[in-house]
Amino acid sequence: MTLEKYKYDVVVIGAGGAGLRAAVEARDAGLSVAIVCKSLFGKAHTVMAEGGAAASMGNVNDNDNWMVHFRDTMRGGKFLNHYRMAELHAKEAPDRIWELEMWGALFDRTKEGKISQRNFGGHEYPRLAHVGDRTGLELIRTMQQRIVALQQKDQRETGDAEKNLKVFAEVTITEILKENGKVAGAYGYRRESGEEILFEAPAVVIATGGVGKTFKITSNSWEGTGDGHALALKAGANLVDMEFLQFHPTGMVWPLSVKGILVTESVRGEGGILTNSLGERFMFKYIPDVFKDKYADNPEEADRWYLDQDNNRRPPELLPRDEVARAINSEVKAGRGTEHGGVFLDVSKRLSAEVIKKRLPSMWHQFYELAGVDITKEAMEVGPTCHYVMGGVEVEPDTAAAVGVDGLFAAGEVAGGMHGSNRLGGNSLTDLLVFGRRAGMGAVEYVKSHGANPASDATIQKASAKIEAPFARTGGENAYSLHQELQEITHNLVGIIRTGAELKEAIEKIADIRKRSANISVTGDRKFNPGFHLAFDLDNMLLVAESTAKSAILREESRGGHTRDDFPGMNSTWRQVNHISSFDGEKVNIKAQELPALPKELFDLFDVHELEKYMTSEEIAKGGSK
Amino acid sequence: MARTLKLRIWRGDDKTGALQDVTVEANHGEVVLDIIHRVQATQMGDLAVRWNCKAGKCGSCSMEINGKPRLACMTQISAYGEEETITITPLRAFPVIKDLVTDVSYNYKKAMEIPAMEMPAGMKPGEPRMQQVDVERSQEFRKCIECFLCQNTCHVIRDHEENKKSFAGPRFFIRIAELDMHPLDILRNRKKTAQEEHGLGFCNITKCCTEVCPEHIKITDNAIIPMKERVADEKYDPVRWLGSKIRRREEVL
């Protein structure tokens, strides 16, 4: 087999929103860029984003601005966010949305003809630019078409569309190559043929998305196997706060085939209410103290809010996702769930059939075609589903450079820090664009100052040997069965509610699967062989699960996407701690690291009484770092 | 497990292949993609199939089920009778790579041939003002999930490999229509090039593409027919024809 080889300035792994935005930035700066993705071009998980992209353009309520957005993001993340990422995101999000429009995106409009913005959980003002409930598709298609436009330009100017920007679809990267301690490229295989492929490049941007497939019930597609998290760990980078996973409160629970598939938060934003099997609108019971002044404690006020948002508090259905997910979980555990273990979400009583089909077209479609439920007439059954990982590669906020590995960058869901302990809906799509662009800029700067760093033959051969290994074994473990075992463990022991004892058990069991996974064998040959592909994906998921369980057992408090039954309260001392995962070649190790303190100018954006709910008295006395 | 399903799955590659009989357990409420995954996990570890979102949003799991182009994730097994054998084959219009996976690169080549959106010079980010009614026409076409079922079913290329060179197919007719109706796009003559360069004239409006579209986009009625009508207007109306000749020099090509 002759090895397929390429040389680029930048290799972007992942062709979702973040990867494509990074690629556009690097190409615009004159660099040559390869985009590598596991699926066909344009199929990335970004298409699944429904509700919208949060940006304080102020088109619907002109009280909105970046400072309000910043505050909402920090509150949503329970102040564990890296302040600088939240700040950059809030400041730059509007420009990234307007830029999409210049590239052909067609968002829904306000009466004045501006980009319309909708309400969403945790956002003080209507802030989400959207296209019905298929905003993610609009984003990915716009970026895809932008890539094509750049290629057409290269075609006109050089006669070769793919000379400086090429998409390598259906390629899995198995290793980030390093030489002299710095990034030298990426190595992997073509999924179609199983043949190996080498990219030599001084800069690699990881934009691989999430880890949902580590869990049994998830809204993520097969691609969400934590590849980038694992690639970064193995390359010597760190992961930050991997204990924080977002269980989206409303996934479909029935029928079985669609269990976990997302029901967009816009259903609640548009007026959907949650009830239990007794018909109670239960969310009023679950408003935490820190949110009491922002959320209505009675149905009358909650209903009035839809008509008059300035003089009423928001309905509790629009609390941040972690709160709603825990509330649903508690109702079901208390025996007040539906037949299929969920609760009811109903939008039919508030909106006409026509309006529902107009504002929530893909939800109507999804329930009608997959569950035989007409949401204009009846309630949906919903329950929590593993949706998003807040934890991820530890990066420098301004450049998206991975801490600890020169030449490595990370953006989007695979990067950590931006969302703290819990992400607000709508912040993901703009996160992709803001930090995708910054990762592209970071890579450009790096390449210009460092130049090429070729990979040695020994490094390449080592990477190749790993791909060959599962074919050399016979009669070993089955990757599919091990994957199912892992999903049971994470679901039962590292899920939405955790305890120390269960996490300890999970860590042992994950280690056991990891040991057995070294013995996976593959049937068939290399050509488009899903069993072979899963063997590599599984290795990544095991590292992610280990990192999550080990971080979770150390954090003795409950905050955002990490709930400990044995430590139910939020603890201000723990707020000052990030958990950093690293990999020593054998196992994941966790260390505590101090969270960067809010600088004074950002500290002063908050009412000090609000900060008292999150911070220690010493922190309050200091008033932020200077 | 609620029932036992009989399947015939096409297995093979670009050179050879055959239908293979499989019996597999199935649960109430499952879709064909679930069944394929169960076959993969228990009987055929190397069965090749594309899929991503499993929610009808990404358009990856296109295949032919009992001869009909469909998304496997949106096809309920309850639609088939207890005794019925479900036959699953790869898309016919594209070359097989392996089993249910085909080489759809034709579509990406065609995408490259459609000139991109062109903004008016001097328009700055944040400036565009458009009314909802004006964006809705193009929004319908932007719902496309690129499953390529319309391309696969279109008889112009389904059994006529030779037409592929000069025919962009329904997916890219709606792309052209989308840009043509886009309130901001200033590139002229999109309808004319659809006819002259992208093979719109091959289409004889049998609406097969509309029928298979999982997003229910009215490909024929809302994109193809309006473009054909206006192309015809411009072609045969002598006044318009003269006008188009006179204007030509200023046009962006």
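Sequence order as written defines residue numbering, which begins from 1 separately in each chain. Chains carry letters from A onward and ligands carry numbers from 1 onward, assigned in written order. Totals for whole chains, interfaces and linings use every residue, but because this is a predicted model, local features are given only for residues with pLDDT of at least 70 and side-chain atom pairs only at 80 or more, for both listing and counting. Each side-chain value is worked out from all heavy atoms of the structure, with water and hydrogens disregarded.

1. Looking at the confidence of the model for chain B
1) Next: A score between 0 and 100, pLDDT records how confident the predictor is in each residue. Summarising the model, chain B shows a mean pLDDT of 91, and 91% of its residues fall at 70 or more.
2) Next: Scored below 50 in pLDDT, residues 247–253 of chain B shows 9 contacts in the model against residues more than four places distant or in partner chains. By definition, residues are in contact when any of their heavy atoms lie within 4.5 Å.

2. Here we look at the interface of chain B and chain A
1) Next: Facing 68 residues of chain B, the contacting portion of chain A comprises 63 residues.
2) Next: We define buried area as the total accessible area lost by two parts upon association, computed with a 1.4 Å probe and summed across both. The largest per-residue losses of area from chain B upon contact with chain A belong to B:Lys57, B:Met112 and B:Arg142, which jointly make up 15% of the total buried on that side.
3) Next: Definition used for salt bridges: Asp or Glu carboxyl oxygen within 4 Å of a side-chain nitrogen of Lys or Arg. In this assembly, chain B and chain A are joined by 7 salt bridges.
4) Next: For A:Glu170, the salt bridge is made with B:Arg50, and the minimal N-O distance between the two is 2.6 Å.
5) Next: Under this definition, polar contacts are N or O atom pairs within 3.5 Å; protein pairs additionally need one hydrogen-donor-capable and one acceptor-capable atom, and for neighbouring residues in sequence, both atoms have to be side-chain atoms. On inspection of chain B and its partner chain A, the count reaches 40 residue pairs in polar contact (both at pLDDT 80 or more).

3. What to know about the environment of A:Ala545
Residue and element names in this part refer to chain A.
1) Next: Looking at the element boundaries, Ala 545 is found in helix α15 (residues 530–554).
2) Next: Residues Ala 545 and Ile 507 lie 38 residues apart in sequence; the distance between their C-alpha atoms is 8.5 Å.
3) Next: Setting aside residues no more than four positions away along its own chain, Ala 545 makes contact with Thr 214, Leu 486, Thr 490 and Ile 510. Segments assigned H or I by DSSP are reported as helices when at least four residues long, segments assigned E as strands when at least two residues long, and all are numbered from the N terminus.

4. Brief notes about helix α2 (residues 105–113) of chain B
Residues and elements named next belong to chain B.
1) Next: Burial classes: relative accessible area under 20% of the type maximum marks a residue as buried, over 50% as exposed, and values in between as partly exposed (1.4 Å probe, protein chains only). Those residues of α2 that sit buried are Tyr 106, Asn 107 and Lys 110. Buried positions in α2, seen along its axis, are confined to an arc of 95° and lie on one side of it.
2) Next: Tucked inside the fold, the buried residues of α2 contact α4 (149–153), α5 (155–158) and α6 (170–181). Note: the arc covers the axis-to-C-beta directions of the helix.

5. Focus on helix α10 (residues 361–370) of chain A
All names here are of chain A.
1) Next: Taken across its 10 residues, α10 has 7 buried, putting it largely inside the fold.
2) Next: All of the buried residues in α10 are Ser 362, Met 363, Trp 364, His 365, Gln 366, Phe 367 and Leu 370.
3) Next: The inward-facing, buried residues of α10 contact β13 (245–252), α6 (266–269), α9 (353–359) and β16 (380–389).

6. Observations concerning the nonpolar core
Inside soluble globular proteins, nonpolar side chains tend to come together where they are buried.
1) Next: Nonpolar core, defined: a set of buried Ala, Val, Leu, Ile, Met, Phe, Trp, Tyr and Cys residues in which side-chain atoms within 4.5 Å join the residues together. The biggest cluster of nonpolar side chains holds 225 residues, and the ones touching the most others in it are A:Val10, A:Phe199, A:Leu408 and B:Leu7.
2) Next: It is helix α11 (residues 427–450) of chain A that contributes the most residues to this core, 10 residues altogether.
3) Next: Excluding residues that lie within four positions of it along the chain, A:Leu408 makes contacts with A:Ile176, A:Val183, A:Val204, A:Ile206, A:Ala232, A:Ala235, A:Ala237, A:Ala400, A:Ala401 and A:Ala402.
4) Next: A:Leu493, A:Leu503, A:Ile520 and A:Met541 belong to the second-largest nonpolar core, a separate cluster that totals 21 residues.

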